[in-house]
Amino acid sequence: MKYIFWDIDGTLLVTGLAGADALRQAIKEQFGVENFQFSHPLAGATDSQIIKQICIDIKGRCHTFDAANLLINYHRLLPQFLQQRQGHLMPNVEKTLKYFKGLEGFTTCLLTGNTTTGAYHKLKRYNIDRYFDSRYAVCGELSEERDELAKVALRRLQIYFPEQEITGDNIFLIGDTPNDIKCAQAIGARCLAVLAGSTYTREQLAECKPWKILDKLPDDPKKLEQMFNKA
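Residues numbered from 1 in each chain as written. Predicted model: local features only at pLDDT ≥ 70, side-chain atom pairs only at ≥ 80, totals over all residues. Heavy atoms only, no water.

### Focus: the environment of Asp169
Secondary-structure assignment places Asp169 in the loop between α6 (146-160) and β6 (171-175). Take Asp169: its relative accessible area is 51%, and that puts it in the exposed class. (Helix = DSSP H or I, 4+ residues; strand = E, 2+ residues; numbered from the N terminus. Buried < 20%, exposed > 50% of the residue type's maximum accessible area, 1.4 Å probe, protein only.)

### With respect to the packing of aromatic side chains
All told, the structure shown has 11 aromatic pairs when counted by the stated rule. Between Phe100 and Phe106, the ring centres sit 5.2 Å apart and the planes meet at 75°, which makes this aromatic pair edge-to-face. Taken as a pair, Phe100 and Phe106 share a single burial class, namely buried. Seen in terms of ring centroids, Phe106 and Phe228 are 6.2 Å apart; in terms of plane orientation they differ by 45°. Their pairing is tilted. Taken as a pair, Phe106 in strand β4 (residues 106-111) and Phe228 in helix α9 (residues 221-230) lie far apart in primary sequence, 122 residues in all. Here Phe106 matches Phe228 in class, with each residue buried. (Phe/Tyr/Trp six-rings, centres within 6.5 Å; stacked < 30°, edge-to-face > 60°.)

### Examining the pattern of salt bridges
Tallied over the full model, the rule gives 15 salt bridges. Across the pair Arg85 and Asp21 runs a salt bridge, and its minimum N-O distance is 3.0 Å. Separated by 64 residues along the polypeptide, Arg85 in the loop between α3 (64-84) and β3 (88-89) and Asp21 in helix α1 (residues 18-31) bring together distant segments of the chain. When its relative accessible area of 24% is taken as the criterion, Arg85 is described as partly exposed. Salt-bridge contacts for Arg135 lead to Asp133; the nearest nitrogen and oxygen are separated by 2.6 Å. Among the charged side chains, a network of salt bridges with common partners joins Asp7, Arg146 and Asp180. (Salt bridge = Lys/Arg side-chain N within 4 Å of Asp/Glu carboxyl O.)

### With respect to unusual backbone geometry
The residue Asn35 is not glycine, and still its phi comes out positive at about 45°. With respect to the helices and strands, Asn35 occurs in the loop between α1 and α2 (47-59). Even without being a glycine, Asn92 presents a positive backbone phi close to 70°. With respect to the secondary-structure elements, Asn92 resides in the loop between β3 and α4 (93-100).

### A short note on the sheet that holds β6
Read across the open sheet, the six strands follow the order β5-β4-β1-β6-β7-β8; overall the sheet is parallel. Single-partner strands in this sheet number two, and they are β5 (137-138) and β8 (212-214). Pairing analysis gives four bridges linking strand β1 (residues 2-6) to β6, with the strands arranged parallel. Considered in β6, the bridge of Phe5 is made with Leu173. (Pairing = 2+ DSSP bridges.)

Written out as C-alpha cells, the structure reads:
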C-alpha cells in the first residue's frame, strides 16, 4: 500500500489570502492591532507556530489563554473570509483526488500545518473534503514543528495497520514549500514538490532535494500513479 499525504495551501488550493486576512481580523478584535504584519513567512509554517509567534510579537510571550482565544476567533472568522475571497483549486487537483480515491494500492491522506478545523473549512469550501479520511489527517495543532507532524503521520499509519510494515518508503508527500520537503525527509518519505501554487522558485525548492519537482499535477492522473509505482 502507498500513502499519499497532501499539503493544503499552495498545493491543493489557494484561498485568495482568506486565512491571513481572517487571522488579521481576529488579531484586531482580540488585541486591537490594525493590519498586523507577520514577522515570519506563513507558507510552510504550522498554525500552532504562527499563533505562538503572533502572541510573542504583540505581548512579548505566548500565554495559553491568548493563543487559544486567537485560534477560536480565527476559526470563527475563516468561513466568512473564505466566501469573500476569490480562491480556487490548483490545476488538476480534483481529477487527481477523484482518480486516487478508492484506487487499489493507494490511500489519500492529509498532512498540513492547518489545524483540523481550519483545514476542513478550506476543503469544504472547495468541495474536496470528501476525498480525505479524517482518521489519517495529521494537522497543525499536533505540533509546532512540521517534521514532527510527519513522524505522527507515520506512527498513525503503523498503529492503524499493524499487519503492514509501514516505513517512509510507503509514503509520498505532495507539497509546495521547503518545509514540505524537509518534512518528508524527516521520515524517509518522498516529496513531490509542485510549483503551480508555490511562492518558491524551482531553484529554491531544488536546493532542498525533493524527490521530484513538477510545474503542475499531470493532466492525466494515471501518469502520477505510474510515477509513484516506479519509485
